[in-house]
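# Examining the three-dimensional arrangement
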Amino acid sequence: MSEVDAIKKLFASSPGKDEVALMYLGYSGIIVRTSKRVIIIDPADLLKDEEVKTLKGVDLLLFTHSHGDHYKPDVTLNIFKATNAPILAEPIVANDLKGKVPVNKLTAATPGKAYTFDEISVNTVQGIHRGPINLYQIKVGEVSMFHAGDSGYVQVKDYPSDLAFLPTGSPSPTASPEYALTMAMELKPSVAVAIHGSVDQSKEFEAKMKEKMPKTSVIIAEPYATKIVTPKKG
Ligand SMILES: [Zn+2]
């Protein structure tokens, strides 16, 4: 299946109210689709023109930080033009987009603060990286999820989430399988998705999870494969 067809398929799927359809793009890039909302996180330059054209009904575009494997200005503007989705971004990213995106569509996310976009609520958490990085807990309807960018370990126990996207390493200098595990143990997700790491690092994370959190299912994200998960507990 081509990447364009894969995205079409994602947008044609209809997840139930406890389900999440997710597509991994590479690095920390994810498209998340719930029964109600579509959110794109850290698309960097992972979405080509043809793919951007197939996006529809995107409700929020989120950026964890300004590094090139998470944020690219031209692709971001392409996505914005195609979707008109509001953007919530770490302040360096937001500042870079100032003047290019209407002010009412652009919000700089301050760690510790919460933001609401219609039925989506987002808590911002300060991560640790080379330069500032925001991690996000996102709640949509029945589902809560956490995206850890490519951060090293920070305390996240106040943000329990059903679904967690956790970076296992490469090419991040701060992320590791061990840190991803420690964050998973605090977030207590029923589904953990390994992102932003080498195959070996993600497998190491998976093995650690099997030992420490055997009830959590672990997905090693593969680009452009749509997964439908039911992360809501009980
Ligand atoms: Zn990165």
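For the structure itself, consult the block above.
What this report covers is the structure whose coordinates are included nearby. (Residues numbered from 1 in each chain as written. Predicted model: local features only at pLDDT ≥ 70, side-chain atom pairs only at ≥ 80, totals over all residues. Heavy atoms only, no water.)

### Notes on the sheet that holds strand E6 (residues 106-108)
The condition that has to hold: Whether two strands pair comes down to DSSP finding at least two bridges between them. Counting from the N terminus, the helices are DSSP H or I runs at least four residues long and the strands are E runs at least two residues long. Lines are fitted to the C-alpha atoms to define the axes, a helix being fitted only along its stretch in contact, and any angle between axes, read from their N-to-C directions, falls within 0 to 180 degrees.
Taking strand neighbours across the sheet as the criterion, the seven strands line up as E6-E5-E4-E3-E2-E1-E14 in an open arrangement whose pairing is mixed. Lying at the two open borders of the sheet, with one neighbouring strand each, are E6 and strand E14 (226-229). When the angles between neighbouring strand axes are averaged without regard to direction, this sheet yields 20°. One ladder, built from four bridges, connects strand E2 (residues 29-33) with strand E3 (residues 38-41); its direction is antiparallel. Considered in E3, the bridge of Ile-30 is made with Ile-41.

### Here's the deal with the coordination of the zinc ion
We apply this condition: Water is absent from the atoms considered, so a metal site may look incomplete; donors are defined as N, O and S atoms within 2.8 Å of the metal, or 3.2 Å for Na, K and Ca. A four-donor site is called tetrahedral if each angle lies between 85 and 135 degrees; a four-donor site is square planar, and a six-donor site octahedral, when trans pairs exceed 155 degrees and the remaining angles lie between 65 and 115; all other cases are labelled irregular. Buried residues are those whose accessible area, probed at 1.4 Å on protein chains only, stays under 20% of the maximum for their type, while exposed residues exceed 50% and partly exposed ones sit between those limits.
Here the zinc ion is held by Asp-69 (OD), His-70 (NE2), Asp-150 (OD) and His-196 (NE2), and the distances to it run 2.0 to 2.2 Å. Around the zinc ion sit four donor atoms, and with donor-metal-donor angles ranging over 89 to 153° the site reads as irregular. In the primary structure, the donors to the zinc ion are separated according to the pattern D-H-x79-D-x45-H. Taken together, the positions of Asp-150 in the loop between strand E10 (143-147) and strand E11 (163-167) and His-196 in the loop between strand E12 (191-195) and helix H6 (199-212) put the pair 46 residues apart, joining distant regions of the chain. Residue Asp-150 shares its accessibility class with His-196, and that shared class is buried.

### Thoughts on H6
Which entries qualify depends on this criterion: A helix is expected to reach a length of 1.5 Å times the quantity of its residues less one. This arc describes the spread of directions from the helix axis toward the C-beta atoms. Residue contacts are counted whenever heavy atoms from the two residues lie within 4.5 Å of one another.
Compared with the 20 Å implied by 1.5 Å per residue over 14 residues, the 20 Å span of H6 between its first and last C-alpha is a close match. All of the buried residues in H6 are Ser-202, Phe-205, Lys-208 and Met-209. In a view along the axis of H6, the buried residues occupy a sector of 120°, so they form one face of it. For H6, the exposed residues set more than 90 degrees away from the buried face come down to Val-199, Asp-200, Lys-210 and Glu-211. Close packing links the buried residues of H6 with E11, helix H5 (177-187), E12 and strand E13 (217-220).

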